[in-house]
Amino acid sequence: MAVQVTIPKIGFSMNEGILAEWMVEDGADVTEGQPLYALEADKSTNEVESPASGKIRIIGEVGETYEVGDLIAEIG
């Protein structure tokens, strides 16, 4: 079963963020805790770690704005 990678809420007032950079390639094997992407939100940029280990299928595009909870990748 695939694990969904969604935009996390980083900070009390965050409603959306910009996907600034993927740190892995589509189809790559990732490990839990590995940095996956950079998220710009509330005037700061944060690295977001993988919630699981497996092969990643990237859905979200760099430079796009996503709401908290939006699906941007799956790990299976």
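Everything below is about the structure printed above this text.
Presented here is a report on the structure given in the accompanying data block. Just so it is clear, the structure is predicted and the values come from calculations on it, not from any experiment.

**Description of the environment of Ile59**
So, point 1. If you trace the backbone, Ile59 turns up in the loop between strand S6 (54–58) and strand S7 (65–67).
So, point 2. Owing to a relative accessible area of 35%, Ile59 belongs among the partly exposed residues under this scheme.
So, point 3. For the pair Ile59 and Ile7, spaced 52 residues apart in sequence, the C-alpha separation works out to 12 Å.
So, point 4. Apart from residues lying up to four places away in sequence, Ile59 is in contact with Leu71, Ile72, Ala73 and Glu74.

**Some words on the sheet that holds strand S8 (residues 71–75)**
So, point 1. Taken together, the four strands give an open sheet; going across it, the order is S1-S8-S6-S3, and neighbouring strands pair in antiparallel fashion. With partners counted over all chains shown, the strands left at the sheet margins are strand S1 (3–6) and strand S3 (29–30), one partner each.
So, point 2. Both S3 and S6 contribute to a ladder of two bridges, which runs antiparallel. Its bridge partner being in S6, Asp29 is matched across the sheet by Lys55.

**Observations regarding the pairing of strand S5 (residues 44–49)**
So, point 1. Bridge count for strand S4 (residues 35–41) against S5 is six bridges, and the pairing is antiparallel. Each bridged residue has a counterpart across the sheet, and for Pro35 the counterpart in S5 is Glu49.
So, point 2. Here S4 folds back onto S5, and the loop between the two strands holds two residues, one of which, Asp42, carries a positive phi near 50°.

**Re the sheet that holds S5**
So, point 1. Read from one edge of the open sheet, four strands run S5-S4-S2-S7, paired in antiparallel fashion. On the outer flanks of this sheet lie S5 and S7, each paired with one strand and no other. Adjacent strand axes in the sheet meet at a mean angle of 40° when their direction is disregarded.

**Focus on the nonpolar core**
So, point 1. Formed by 17 residues in total, the largest nonpolar core has its most connected members in Val5, Ile7, Trp22, Leu36, Tyr37, Ile56 and Ile72.
So, point 2. At four residues, the largest contribution of residues to this core is made by S4.

**Some points on the pattern of salt bridges**
So, point 1. Taken as a whole and assessed by the stated rule, the structure comprises two salt bridges.
So, point 2. The residue Asp29 makes a salt bridge to Lys55 at a minimum N-O spacing of 3.5 Å. You can see Asp29 sitting in strand S3 and its partner Lys55 sitting in strand S6, a full 26 residues away along the chain.
So, point 3. Asp29 sits in the exposed class, given a relative accessible area of 59%.

Cut-offs used in this document
- Residues numbered from 1 in each chain as written.
- Predicted model: local features only at pLDDT ≥ 70, side-chain atom pairs only at ≥ 80, totals over all residues.
- Heavy atoms only, no water.
- Helix = DSSP H or I, 4+ residues; strand = E, 2+ residues; numbered from the N terminus.
- Buried < 20%, exposed > 50% of the residue type's maximum accessible area, 1.4 Å probe, protein only.
- Contact = heavy atoms within 4.5 Å.
- Pairing = 2+ DSSP bridges.
- Axes fitted to C-alpha atoms, helices over the stretch in contact; angles between N-to-C directions.
- Core = buried A, V, L, I, M, F, W, Y, C linked by side-chain atoms within 4.5 Å.
- Salt bridge = Lys/Arg side-chain N within 4 Å of Asp/Glu carboxyl O.

Honestly, that's just the spatial picture; any functional story needs more than this.
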